[in-house]
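# Close look at the chain arrangement
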Amino acid sequence: MTDVRNHQYDVLVIGAGGAGLRAAIEATRDGASVAVICKSMLGKAHTVMAEGGAAAALANKDPRDSWQTHFRDTMKGGKYLNDWRMAEIHAKESPDRIRELEQWGAIFDRIPPGLKGADGKPLKAGTISQRNFGGHTYPRLAHIGDATGLELIRTLQDRGIHSGMDVFMEYTVRRLFTTDGRVSGCFAYNRADGTLHTFQGKTTILATGGITRCWAVCSGSWEYTGEGHALAYWAGAEMGDMEFVQFHPTGMIWPPSVRGILVTEGVRGEGGVLTNSEGERFMFNYVPEMYKNEFADTQQEAQAWVDEVIADVTATQRRPPELLTRDVVAKAINSEKKAGRASEHGGVYLDISWRDEEQVKKKLPGMYHQFKELAAVDITKEPMEVGPTAHYVMGGVKVDPVTQESSVPGLYAAGEAATGLHGANRLGGNSLTDLLTFGKRAGEYAAKAAAETDGYLEISQTDIDAVVAETLAPLNRQEGENPAKVVEDLREMMQEKAGIIRTGALLEEALADLDELEARGEKTAPGGGRIYNPGWHQALEISAMADISRMCALSALAREESRGAHTRDDFPVPDRSHWGKVNSVIWLEEGEMKIRHDPCPPISAELRALLDASDLSEEE
């Protein structure tokens, strides 16, 4: 009989990025025993890749900012498919989460002495500085150069370790167990030594990040294969808005070895300009009607805004169109390529070299070294080549906006694993304060529920035996395809047929291809044993990748319009009469993936008044 070790904790946290660590800190603060189970080493979560900053209406850099404006920007950026209740909570609470990080030792960039605000009054020197980002009306992103995520993880990790949480590093969770309809624990294996483990928990929090490794060109780290989303789906949780996958407009495209690596939006926030092969600043041609009043329509006005930013004075001019929302910029780049105006290697040029060399190195040290080391490009002297890269999924586990509990009792989700806050498109910088705000809430409410639960629910031995057999099955296959080949084919197929531009015909092909790829995955043979076997890990990931990709393709096929990060070439116009008012919901029923569309929750009159009346009338 295969040896399976058992562990018991009040709260299980799956994932050790920003959301998982913040949840664990809050749960331990409330007296719960907490196990953090993470796929990689502690401190190596994908959150460290976040560069530009964390969005919060601190109003340090521009006193005109407020939670109300942040709420408006978030809803507008999400094309009004956001859960307004989450957008309100996020806008109100994110400033406190940033100040809390500061109290815990996070080292943010600071406002220097002598700066004045829009009212002519001096800004408070030494307070947290904030930078401009796409879709944000005012400079709102608290930052540490272009390494904000790294500092956030460092701070949370230090705080979490001293809070008393137990960490299980290099563990992959394969299944969530339910008992009488409630989550009762999970099964995991140790990636290093192959040992098998069950964890009993009174409550469980999913903080597993995103799914973008399902596309060939992506900015996601190796962990982002969608297993967290799949765990919730397999356990019976409802999933929402899985058609909305954000393609960040600026990823590296050359050389091929670095294709997809993120180029922070902070480059454009510091005055970087986008040009095509003809030297034209093409973004002036792509400003949507809903943003016409907010963005410069001449290069002179755009430069005047940049000059104000460089001089560290409050901006009074309208922003450059390079700072439009990510969905708009990504599709504009794609259009330039389609029109034959692409850069040498099939993207566009992003140029910050016109700024002072030392300022570029100071403001964007990570970008300077990234291009110097990986592409032999000196960004202080020459432009970067960039193109869209799969970056973030707005869809995920549907959660209660206050508690973060899913439709399965005892199962919570936070960060990129959950849906609701971002609607059809996420604003840059909102992800870091999302994971802080709702990570805290998930930890708080999961701990409270655990404290009200007597003992641990029993996990069926039949269920344990089934997942053990499934986990070890690839090692028992002597002949079969290399799992790496199946994964590669899946990613290339999703890039081609469910990428930034979609059609009904291609999405139908994608769904058929996924059935074939999943069948191939079930026959792969990684070889070797359980100890340090990456082929085994990859063979086990295929079923999750197939189901997550299927969710995306199915919901994208159903949504017959273009909105936010979802673009249908065969339905290019937003449908405001129907699709602008519904969210997609996917669930598992008797082994079959089902989909429906629920009306967006009605927004209160008070908050509705904060939104743009002209945009809302278009949405009627």
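## Some words on the packing of helix α3 (residues 84–103) against helix α11 (residues 430–451)
The interhelical angle for the contact between α3 and α11, taken along N-to-C directions, is 90°, at an axis separation of 8 Å. On the basis of their axis angle, the class for α3 and α11 is roughly perpendicular. In this structure, α3 contributes M86, I89, H90, E93, S94, R97, I98 and L101 to the contact, and α11 contributes N430, T433, D434, L436, T437, F438, K440 and R441. Looking at the contact of α3 with α11 residue by residue, the class counts come to six nonpolar, five polar and five charged.

## Quick notes on the domain arrangement of the protein chain
By domain assignment, the protein chain separates into domain 1 (4–247 + 391–451), domain 2 (249–389) and domain 3 (472–575). Between domain 2 and domain 3, the residue contacts involve seven residues of the former and seven residues of the latter. Counting each side, the surface lost to burial between domain 2 and domain 3 is near 460 Å², with a carbon and sulfur contribution of 53%. It is D327, K331 and N334 in domain 2 that bury the most area against domain 3; as a group they hold 71% of the surface buried on that side. Put simply, domain 2 and domain 3 have one salt bridge between them. Residue D569 is joined to K338 by a salt bridge in which the shortest nitrogen-to-oxygen separation is 3.9 Å. Applying the counting criterion to the domain 2 and domain 3 interface returns two residue pairs in polar contact (both at pLDDT 80 or more). Top element by residues in the side of domain 2 that touches domain 3 is helix α8 (residues 326–338). It accounts for five residues.

## Overview of the pattern of salt bridges
Proximity of charged atoms lets side chains of opposite charge pair with each other. For the structure shown, the criterion picks out 56 salt bridges. Of the charged contacts in the structure, one is a salt bridge between E357 and K361, with a shortest N-O distance of 3.1 Å. Residue E357 and its partner K361 are located together in helix α9 (residues 357–363), separated by four residues, close to a single helical turn. Assessed through its relative accessible area of 31%, E357 is described here as partly exposed. With relative accessibility at 26%, the residue K361 sits in the partly exposed group. One continuous salt-bridge network, built from bridges that share partners, spans D65, R72, D73, K76, R140, E294, R319 and D612.

## Points about the nonpolar core
With 72 residues, the main nonpolar core has L206 and W215 as its most contacted residues. Considering every element that reaches this core, the biggest residue donor is helix α15 (residues 534–558), with nine residues. When residues of this core are assigned to domains, at least three map to each of domain 1 (4–247 + 391–451) and domain 3 (472–575). In this structure W215 touches V245, F247, A390, R491, M494, Q495, A498, G499 and C552, once residues within four positions along its chain are discounted. Judged by nonpolar contacts, the second largest core, of 42 residues, contains L42, A50, M165 and A446.

## Considerations on the sheet that holds strand β13 (residues 348–351)
Strand order in this open sheet of four strands is β11-β14-β13-β12, and the pairing throughout is antiparallel. In this open sheet, the two edge strands, each paired with only one partner strand, are β11 (245–252) and β12 (273–275). Adjacent strand axes in the sheet meet at a mean angle of 45°, parallel and antiparallel pairs treated alike.

## Looking at the sheet that holds strand β3 (residues 54–55)
Within the open sheet, the three strands sit side by side as β3-β5-β4. Their pairing is antiparallel. Looking at the sheet topology across the chains shown, the edges are occupied by β3 and β4 (130–131). As defined by bridge partners, β4 adjoins strand β5 (residues 141–142) across two bridges and the pair is classed as antiparallel. Bridge pairing links R131 to L141 in β5.

## Structural notes on helix α12 (residues 461–472)
Compared with an ideal rise of 1.5 Å per residue, which puts 12 residues at 16 Å, α12 spans 16 Å between its outermost C-alpha atoms and is within 8% of the ideal. Turning to α12, its buried residues are I464, V467, V468, T471 and L472. The buried residues of α12 occupy an angular sector of 125° when projected down its axis, which confines them to one face. In this structure, the buried side of α12 is in contact with β1 (4–14), β7 (171–179), β8 (182–190), β9 (196–206) and α15. The backbone nitrogen of T462 has a side-chain oxygen 3.2 Å away, supplied by the residue at the start of α12, namely S460.

## Some remarks on the pairing of strand β18 (residues 582–589)
In terms of residue burial, β18 counts as a mostly covered element, since six of its eight residues are buried. Taken together, the two bridges between strand β10 (residues 239–240) and β18 define a ladder with antiparallel strand orientation. Bridge pairing in β18 links G240 to V585. As defined by bridge partners, β18 adjoins strand β19 (residues 592–599) across eight bridges and the pair is classed as antiparallel. Pairing of V582 across the sheet is with P599, part of β19.

## What about the pairing of β13?
As defined by bridge partners, β12 adjoins β13 across three bridges and the pair is classed as antiparallel. Bridging from a neighbouring strand, V273 pairs with D351 of β13. The pairing of β13 with strand β14 (residues 384–393) spans three bridges and is classified as antiparallel. If you follow L350 over to β14, its bridge partner there is M384.

## What to know about unusual backbone geometry
In the segment running from W254 into P255, the intervening peptide bond is cis, with an omega of 0°. Within the secondary structure, P255 sits in the loop between β11 and α6 (266–269). Look at A59: it is not a glycine, yet its phi comes out positive at around 60°. Relative to the elements of secondary structure, A59 occurs in the loop between β3 and α2 (67–77). Phi at Q404 is positive, roughly 70°, even though this residue is not glycine. Mapped onto the secondary structure, Q404 falls in the loop between β15 (396–398) and β16 (411–413). The class for Q404 is buried, based on a relative accessible area of 0%.

The rules behind these values
Residues numbered from 1 in each chain as written. Predicted model: local features only at pLDDT ≥ 70, side-chain atom pairs only at ≥ 80, totals over all residues. Heavy atoms only, no water. Axes fitted to C-alpha atoms, helices over the stretch in contact; angles between N-to-C directions. Helix = DSSP H or I, 4+ residues; strand = E, 2+ residues; numbered from the N terminus. Parallel < 35°, antiparallel > 145°, perpendicular 65-115°, else oblique. Contact = heavy atoms within 4.5 Å. Nonpolar A, V, L, I, M, F, W, Y, C, P; charged D, E, K, R; others polar. Domains from an automatic or database assignment. Buried area = accessible area lost by both parts, 1.4 Å probe. Salt bridge = Lys/Arg side-chain N within 4 Å of Asp/Glu carboxyl O. Polar contact = N/O pair within 3.5 Å; in protein donor to acceptor, adjacent residues only side chain to side chain. Buried < 20%, exposed > 50% of the residue type's maximum accessible area, 1.4 Å probe, protein only. Core = buried A, V, L, I, M, F, W, Y, C linked by side-chain atoms within 4.5 Å. Pairing = 2+ DSSP bridges. Expected span 1.5 Å × (residues − 1). Arc of directions from axis to C-beta.

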